[in-house]
Amino acid sequence: MKRTRFLGYGTAAVAAVGMMLFVGWWQVDGPGAPEPMGQRPIPLTEMAFSLTDHEGNAVGPEALLGSPTMAFFGFTYCPDVCPTTLSDISDWLDALGNEADPLNVIFITVDPERDTVAAMAEYVSYFHPAIRGWTGPEEQIARAAEGFRAVFERVPTDSGDYTMNHTASVFLFNAEGQFVTTIDYHEAREFALPKIRRALQQEMEETT
Amino acid sequence: MKKIVSMSALLMLFSFAGASMPALADAADIVIDGAWARASIGMNRPGAAYMTIRNTGTEPVTLIGLSTPLAMMPAIHETRTSTEGVSSMTPTDEIAIAPGESVALEPGGLHAMLMQLQEPMTEGETFPLTLVFEDGVEATVEVPILGFAARGPED
Ligand SMILES: [Cu+2]
């Protein structure tokens, strides 16, 4: 009798602990988890902003629909992260060759004060020719960043200038404008290429 | 111009102080490998240089600063990327390197930030960069300037 009761309590205790663990999981990692700060970008079809590309054309999210998109936020006065990422992107595009032809590749500045259309044109000319540079009024860039769930912040430097903190992930969308995934800063080529192919394949599935 | 003169005078003083204290780390114990920098667009934007610094001696060394005729304000910076993917860059006061250890200055981490360039960084050229250590020890490396889209010393 004693033993069964003990067992009963034991079972109840295990069940209770299990329940607590489940509730904990639900709230922290499970479907009940609050949206984290770095939440998913909204579809390009739901974004609204107007910018100018490095050739002076009016552009916005609608210009990207119909082809998959790779997008990155940065600024041309960035000595480290931005040239590294644009070199990585150029390397991925070279590795993909013709496979990457349908891809829109855009570099959106978070520093429109210094990154004029001319500055963007000169800067992107040093990287893969598929890369387009987008700039425009600060409030339009803020709207774009909001849609991508990207952040940026101006920070003064010792030299009396300023630098920009910014989201350094590369965003991938399919041809319908649905978010596919991100490539983290300086992610190795063997992880980056399959992600880009996923965004490209989702386009091929639709057309075939 | 005055600023450069007073700065090099200060560095000479440091070197002299170091030379008079034989017990301390020696410039010969500091080995710099794989130095490189990217070419710049003009002079308005800051540049960055990368390398590996090895302490082959028996005493710890501490990197406290940089000097170069190429830039008025060279400084060691560190780029950090948060779990949310946000990158930021902050100056680093000093870097201690234990005997037998090395420190890598590489894209996305530590870098020699070259602010207020005095001339454009042109691919194919080199520039001298002096690493200033505590106790006045100095090590100068000739940094090759690679292409604008270089990703490492091999590019
Ligand atoms: Cu820096």
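Because the structure is a prediction, the values reported are computed rather than measured.

**Topic: the overall build of chain B**
And then number 1: What chain B contains, in helices and strands, is 1 helix and 10 strands.
And then number 2: Secondary structure elements of chain B occur, N-terminal to C-terminal, as α-β-β-β-β-β-β-β-β-β-β.
And then number 3: Across the 155 residues of chain B, 45% fall into the buried class.
And then number 4: Taking contacts inside chain B between residues at least 6 apart in sequence as the whole, the part at least 24 apart equals 69%.
And then number 5: In the form shown here, chain B has an accessible surface area of approximately 7,600 Å², with 56% of it arising from carbon and sulfur atoms.

**A closer look at the overall build of chain A**
And then number 1: Helices and strands together make up the secondary structure of chain A, namely 5 helices and 9 strands.
And then number 2: In chain A, the order of α-helices and β-strands from amino to carboxyl end is α-β-β-β-α-β-α-β-α-β-β-β-β-α.
And then number 3: Counting all 208 residues of chain A, 49% fall into the buried class.
And then number 4: Only carbon and sulfur atoms are counted for the fraction: they give 56% of the accessible area of chain A, which is about 10,600 Å².

**Describing the interface of chain B and chain A**
Buried accessible area, meaning the area lost when the parts come together, often serves as the stated size of an interface.
And then number 1: At the junction of the two partners, chain B supplies 30 residues and chain A supplies 30 residues.
And then number 2: The junction of chain B with chain A conceals about 2,300 Å² of combined surface from both sides, 61% of it contributed by carbon and sulfur atoms.
And then number 3: Three residues stand out in chain B for area buried against chain A, namely B:Arg45, B:Phe148 and B:Arg151, and they jointly supply 25% of the buried area on that side.
And then number 4: Between A:Asp91 and B:Arg151 there is a salt bridge, and its shortest N-O distance comes to 3.6 Å.
And then number 5: Connecting chain B to chain A are 11 residue pairs in polar contact (both at pLDDT 80 or more).
And then number 6: If you tally residues by element for the side of chain B that touches chain A, the top one is strand 5 (residues 86–91) of chain B, at 5 residues.

**With respect to the environment of B:Ser87**
And then number 1: Within the element layout of this structure, B:Ser87 appears in strand 5.
And then number 2: For the pair B:Ser87 and B:Gly108, spaced 21 residues apart in sequence, the C-alpha separation works out to 8.6 Å.
And then number 3: Those residues within four positions of B:Ser87 in sequence are excluded, and the remaining contacts are A:Val81, A:Met164, A:Asn165, A:His166, A:Ala168, B:Thr79, B:Arg80 and B:Thr81.
And then number 4: A polar contact of 2.8 Å, which involves the side chain of B:Ser87, links it to the side chain of B:Thr81.

**Re the sheet that holds strand 5 (residues 131–135) of chain A**
All names here are of chain A.
And then number 1: The mixed open sheet is built from 7 strands, whose spatial order is 2-1-5-4-3-8-9. In this open sheet, the two edge strands, each paired with only one partner strand, are strand 2 (58–59) and strand 9 (179–183).
And then number 2: By the bridge criterion, 4 bridges tie strand 3 (residues 69–74) to strand 8 (residues 170–173) in an arrangement that is antiparallel. Considered in strand 8, the bridge of Ala 71 is made with Phe 171.
And then number 3: Against the sheet, helix 4 (residues 138–148) contacts strand 1 (51–53), strand 3, strand 4 (104–109), strand 5 and strand 8, and its axis sits at roughly 125° relative to strand 3.

**Re the coordination of the copper ion**
Around a metal, the perfect tetrahedron of four donors has angles of 109.5 degrees, and the perfect octahedron of six donors has angles of 90 or 180 degrees.
All names here are of chain B.
And then number 1: For the copper ion, the full set of protein donor atoms is His 77 (ND1), Met 89 (SD), His 111 (NE2) and Met 113 (SD), at a range of 2.2 to 2.4 Å.
And then number 2: Around the copper ion, the 4 donor atoms are arranged such that angles at the metal cover 95 to 122°; this shape is classified as tetrahedral.
And then number 3: Of note, the copper ion draws all its donor residues from one chain, in the sequence arrangement H-x11-M-x21-H-x1-M. In this pair, His 77 sits in strand 4 (residues 71–81) while Met 89 sits in strand 5, placing the two residues 12 residues apart along the sequence. This pair shows no difference in class: His 77 is buried, exactly as Met 89 is.

Definitions and cut-offs
- Residues numbered from 1 in each chain as written.
- Chains lettered and ligands numbered in written order.
- Predicted model: local features only at pLDDT ≥ 70, side-chain atom pairs only at ≥ 80, totals over all residues.
- Heavy atoms only, no water.
- Helix = DSSP H or I, 4+ residues; strand = E, 2+ residues; numbered from the N terminus.
- Buried < 20%, exposed > 50% of the residue type's maximum accessible area, 1.4 Å probe, protein only.
- Contact = heavy atoms within 4.5 Å.
- Areas by Shrake-Rupley, 256 points an atom, 1.4 Å probe, with all protein chains shown as cover.
- Buried area = accessible area lost by both parts, 1.4 Å probe.
- Salt bridge = Lys/Arg side-chain N within 4 Å of Asp/Glu carboxyl O.
- Polar contact = N/O pair within 3.5 Å; in protein donor to acceptor, adjacent residues only side chain to side chain.
- Pairing = 2+ DSSP bridges.
- Axes fitted to C-alpha atoms, helices over the stretch in contact; angles between N-to-C directions.
- Donors = N, O, S within 2.8 Å, 3.2 Å for Na, K, Ca; no water.
- Tetrahedral: all angles 85-135°; square planar, octahedral: opposite > 155°, others 65-115°.

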